[in-house]
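Take a look at the letters that make up each chain.
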Amino acid sequence: MQVWPIRAFDDNYIWCIHDGKSALVVDPGESKSTMEYLKLNSLTLKGILVTHHHADHTGGILQLLECLGSDIPVYGPVGDNISGRTEIAMQNDKIEIESLLRISLKVYEVL
């Protein structure tokens, strides 16, 4: 399992967690660098995790879904209006991506 930063904007990163085949991206504020990284590394996007609603964390979601598949689950916090979110992640929930067999993420809400 690898966790890799993908540079976004001038001062931010999108995080990619992958096993060499399947990937989960965290806070895709823009889509271009994410798609380039996935293509360069022959990764299939299996999920998106969003930590909060700010545009520099959510701005690339809809384009990723449009280009890579609208069936990709998008996990995000309850209460935030996040376009494209399909799954609400709440305190103590576990996020498990089937194709990333060794990954289980536990949700901690920070208020």
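Provided above is the structure to which this section pertains.
The following paragraphs examine the structure supplied in this document. Only a predicted model underlies this, so the values are computations on that prediction, with no experimental measurement involved. (Residues numbered from 1 in each chain as written. Predicted model: local features only at pLDDT ≥ 70, side-chain atom pairs only at ≥ 80, totals over all residues. Heavy atoms only, no water.)

**Some words on the pairing of strand β4 (residues 44–49)**
Pairing of strand β3 (residues 22–26) with β4, which is carried by five bridges, proceeds in the parallel orientation. By the bridge assignment, Ala-23 is partnered in β4 with Leu-45. A crossover connection joins β3 to the parallel β4 through helix α1 (residues 32–40); in handedness this β-α-β unit is right-handed. Both β4 and strand β5 (residues 74–77) contribute to a ladder of two bridges, which runs parallel. When the sheet's bridge partners are listed, Leu-49 is paired in β5 with Tyr-75. (Pairing = 2+ DSSP bridges. Helix = DSSP H or I, 4+ residues; strand = E, 2+ residues; numbered from the N terminus. Right-handed = clockwise from strand over helix to strand, strands pointing away.)

**Points about the pairing of β5**
Across three bridges, the pairing between β5 and strand β6 (residues 87–89) is parallel. Note that in β6 the partner of Gly-76 across the bridge is Ile-88.

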